[in-house]
Amino acid sequence: MGFPKISNRSQQRAADRSERQPWSRRGLLAALGAVPVAGALAGCGGSADASAGADARTGTDEKAGAHAKAGAPPVAGTKAEVKAPTVTVVPADGTRKAGFTSPVEVSVSGGTLTTVLVTGNDGSTLAGTFDEARTKWTSSRNPYSGTEYTVTATPRGGTAQTASFVTRRPSDTFVGRFTPEANSTSGVGMPVSIDFTEAVRDRAAVEKAITVSAEPPVEVVGHWFSDTRLDFRPEEYWAAGTTITLGLRLRDVEGAAGVYGTQSKDVTFRIGRRQVSTVDLAKKTMTVERDGAPRAAYPVSGGDAAHTTWAGIMVISERFEQTRMESSTVGLGDEYDIADVPHAQRLTTSGTFIHGNYWASPSVFGTTNTSHGCVGLHDAKGAADTSVPGYEFYASSMLGDVVVVRNSGERTVEPSNGLNGWNLSWSDWKAGSAL
């Protein structure tokens, strides 16, 4: 067998190498075509592979950038722009006549809420609570009417966002005028009596907005005498020295259709010593007890047979050192008109007083009932004589003191005629509450 001719030694060496290495690296990889490129690069893990990956990513980012500049949506595999959370307030920002009968609501989309602050231009703030996801906040009470509010809400990871609105003013309003006066001291029989300037149709809503608390504590219950009057009292007379606080939270409470309260305040007053006076018109006497001990006894004259005096428990509601008494004001025509009745203290709205009397003979007192329904004590014209019973009793009395009339020949006074709710049993009193 012959041999191929080799032109020179170098060609021979090349032929030898060719026989010893029949496959090139490129050829080998081609023959093993089932192995992915990515997998092979991953298996090597060399610097050249990392550089290639970086080049590939750079190319993609550049394409994405060019795509974004063209105004098209981001290409697949790129980062989309993150939207800031959006805060919504109800009532809406800029509302000028917002309602005040619903709570304020703050919600956020695309995030959660960290803080919400709602402040009024009257200095008030609205507290509230978040839902479990902290995507909604609701005020614990309604906003006040006629008030401008600023809402500042901060979403997590975002900046604070603000909104403002103004609530409308109601066209019709009412207030409650209360007795006794703030910071006053009264006797143990003084109820807390409230007269409303408009008829109340939703008694429960109004009564719920009023609280009466006592120290030392005692149960206090309200009783409606009419659509315009609500009184509060405990079961028994107040204890001497009690401090009473009246809380009025009537602002924006709808007492009747479209008629809203305006008050939001606390009033405190005090109960002084305990004085209870008992008038026995069969004996024509009055005994006075102070803190459970006898203090004085006075002869008196009550209503005659044609003008009997109301019986029952009555409370002193007004006091006058001197006042005019005219029969026409109580339905008795022109029977009397006395310009300077001394030491007069009102017991009923209808006109019953316990007062001094200078025009009757001193012998009348303790012996005969001669009045038109009042209880009279001997007194002096001008109200300056300190030695007479009329002066002494007046000087020892205060608003809220109790005067009990017995054996008058008349029925028990209506509880609503004056501050005389003590004539109702406790069960009857409680039945007059709307709560």
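Residues numbered from 1 in each chain as written. Predicted model: local features only at pLDDT ≥ 70, side-chain atom pairs only at ≥ 80, totals over all residues. Heavy atoms only, no water.

A.B. asks: Would you take a moment to explain the sheet that holds strand β11 (residues 185-186) for this structure?
C.D. replies: Within a sheet, adjacent strands bond to each other through the backbone by hydrogen bonds, running parallel or antiparallel. Taken together, the four strands give an open sheet; going across it, the order is β11-β19-β16-β13, and neighbouring strands pair in mixed fashion. Both edges of this open sheet fall to β11 and β13 (210-215), since each of them pairs with a single strand only. Where strand β16 (residues 243-249) lies against strand β19 (residues 264-271), seven bridges are found, and the strand directions are antiparallel. From the neighbouring strand, arginine 249 faces β19, where its bridge partner is serine 264. (Pairing = 2+ DSSP bridges. Helix = DSSP H or I, 4+ residues; strand = E, 2+ residues; numbered from the N terminus.)

A.B. asks: Is there a simple way to think about the side chain of glutamate 207 in this case?
C.D. replies: Along the chain, the position of glutamate 207 falls in helix α5 (residues 203-208). No salt bridge is formed by the buried glutamate 207; the nearest opposite charge belongs to arginine 203, separated by 7.8 Å. In terms of polar contacts, glutamate 207 uses its side chain to reach the side chain of serine 433, at 2.7 Å. The residues touching glutamate 207, leaving out its near neighbours within four places in the chain, are Gly222, Trp224, Leu230, Phe232, Ser433, Ala434 and Leu435. (Buried < 20%, exposed > 50% of the residue type's maximum accessible area, 1.4 Å probe, protein only. Lys, Arg positive; Asp, Glu negative; His and termini not counted. Salt bridge = Lys/Arg side-chain N within 4 Å of Asp/Glu carboxyl O. Polar contact = N/O pair within 3.5 Å; in protein donor to acceptor, adjacent residues only side chain to side chain. Contact = heavy atoms within 4.5 Å.)

A.B. asks: Quick question: what am I supposed to make of the sheet that holds strand β3 (residues 113-120) here?
C.D. replies: With antiparallel pairing, four strands are arranged side by side in an open sheet as β4-β3-β7-β8. One side of each edge strand has no neighbouring strand; the edge strands of this open sheet are β4 (125-126) and β8 (161-166). Bridge count for strand β7 (residues 148-155) against β8 is six bridges, and the pairing is antiparallel. In the sheet register, glutamate 148 faces β8, and the bridge partner there is valine 166.

A.B. asks: Just checking my understanding: could you explain the layout of surface pockets for this structure?
C.D. replies: To locate leftover empty space, one rolls a probe as large as a water molecule over the atoms. By volume, the largest pocket is sized at about 450 Å³. Every residue lining the largest pocket is counted, 23 residues in all, and those nearest its centre are Val330, Tyr336, Ser350, Gly351 and Thr352. The dominant element in the lining of the largest pocket, judged by the number of residues it contributes, is strand β24 (residues 318-326), at five residues. Looking at the lining of the largest pocket, its residues break down into nine nonpolar, 11 polar and three charged. (1 Å grid on protein atoms, 1.4 Å probe; cavity = no way out; pocket = protein on both sides within 12 Å on 5 of 7 lines; lining within 4 Å. Points joined across faces, edges and corners; volume = space filled by probe spheres on them. Nonpolar A, V, L, I, M, F, W, Y, C, P; charged D, E, K, R; others polar.)

A.B. asks: Honestly, the pattern of salt bridges in this entry has me stumped. Any pointers?
C.D. replies: Overall, the coordinates contain 13 salt bridges when judged by the stated rule. The salt bridge partner of arginine 201 is aspartate 227, with a shortest N-O separation of 2.6 Å. One end of the pair, arginine 201, is in the loop between β12 (192-196) and α5; the other, aspartate 227, is in the loop between β14 (221-226) and β15 (229-233), with 26 residues separating them in the sequence. Owing to a relative accessible area of 59%, arginine 201 belongs among the exposed residues under this scheme. Aspartate 227 gets classed as partly exposed once you look at its relative accessible area, which sits at 25%. A salt bridge links aspartate 340 to lysine 381, with the shortest nitrogen-to-oxygen separation between them at 2.6 Å. In this pair, aspartate 340 sits in strand β25 (residues 337-346) while lysine 381 sits in the loop between β27 (375-378) and α6 (389-396), placing the two residues 41 residues apart along the sequence.

A.B. asks: Sorry if this is basic, but what is going on with the environment of proline 170 here?
C.D. replies: Here proline 170 lies in the loop between β8 and β9 (172-174). What makes proline 170 buried here is its relative accessible area of 17%. Along the backbone, proline 170 and threonine 262 are 92 residues apart, and their C-alpha atoms lie at a distance of 9.5 Å.

A.B. asks: What should I look at first to understand the packing of aromatic side chains in this one?
C.D. replies: Centre-to-centre distance and the angle between the planes together describe a pair of aromatic rings. This structure, assessed with the given rule, holds eight aromatic pairs. Ring geometry for phenylalanine 100 versus tyrosine 260: centroids 5.0 Å apart, planes at 75°, classification edge-to-face. You can see phenylalanine 100 sitting in the loop between β1 (86-90) and β2 (105-109) and its partner tyrosine 260 sitting in strand β18 (residues 259-261), a full 160 residues away along the chain. The exposure class assigned to phenylalanine 100 is buried, which follows from its relative accessible area of 2%. Here the aromatic rings of tyrosine 237 and tryptophan 422 are separated by 5.0 Å at their centres, their planes lie at 75°, and the arrangement is edge-to-face. Within this pair, whereas tyrosine 237 is found in the loop between β15 and β16, its partner tryptophan 422 is found in the loop between β28 (402-406) and α7 (426-431), the two being separated by 185 residues in sequence. Among the aromatic residues, those joined into a cluster by ring pairs are Phe174, Phe196 and Trp224. Lying over the aromatic face of tyrosine 144, arginine 251 brings its terminal NZ or CZ to 4.0 Å of the ring centre. (Phe/Tyr/Trp six-rings, centres within 6.5 Å; stacked < 30°, edge-to-face > 60°. Lys NZ or Arg CZ within 6 Å of the ring centre and 35° of its normal.)

A.B. asks: I tried to follow the pairing of β25 on my own but got confused; where do I start?
C.D. replies: The two faces of the sheet receive side chains in turn, since in a regular strand these alternate between them. In terms of burial, β25 is a largely internal element, eight of the 10 residues being buried. Across seven bridges, β24 lies against β25 in antiparallel orientation. Bridge assignment links threonine 323 to a residue of β25, and that residue is valine 341. Sheet topology places β25 next to strand β26 (residues 353-357); two bridges connect them, and they run antiparallel. Each bridged residue has a counterpart across the sheet, and for arginine 346 the counterpart in β26 is phenylalanine 353. Connecting the antiparallel pair β25 and β26 is a turn made up of six residues, with glycine 351 showing a positive phi of about 120°.

A.B. asks: Please explain unusual backbone geometry as it appears in this structure.
C.D. replies: Note: most residues except glycine have negative phi, and most peptide bonds are trans. The amide bond that connects threonine 179 to the next residue, proline 180, takes the cis arrangement and shows omega of 5°. Across the junction of glutamate 215 and proline 216, the peptide omega takes the value 10°, indicating a cis bond. At lysine 284, a position not held by glycine, the phi torsion is positive, near 60°. Mapped onto the elements of the fold, lysine 284 is located in the loop between β20 (275-280) and β21 (285-290). What makes lysine 284 buried here is its relative accessible area of 17%.

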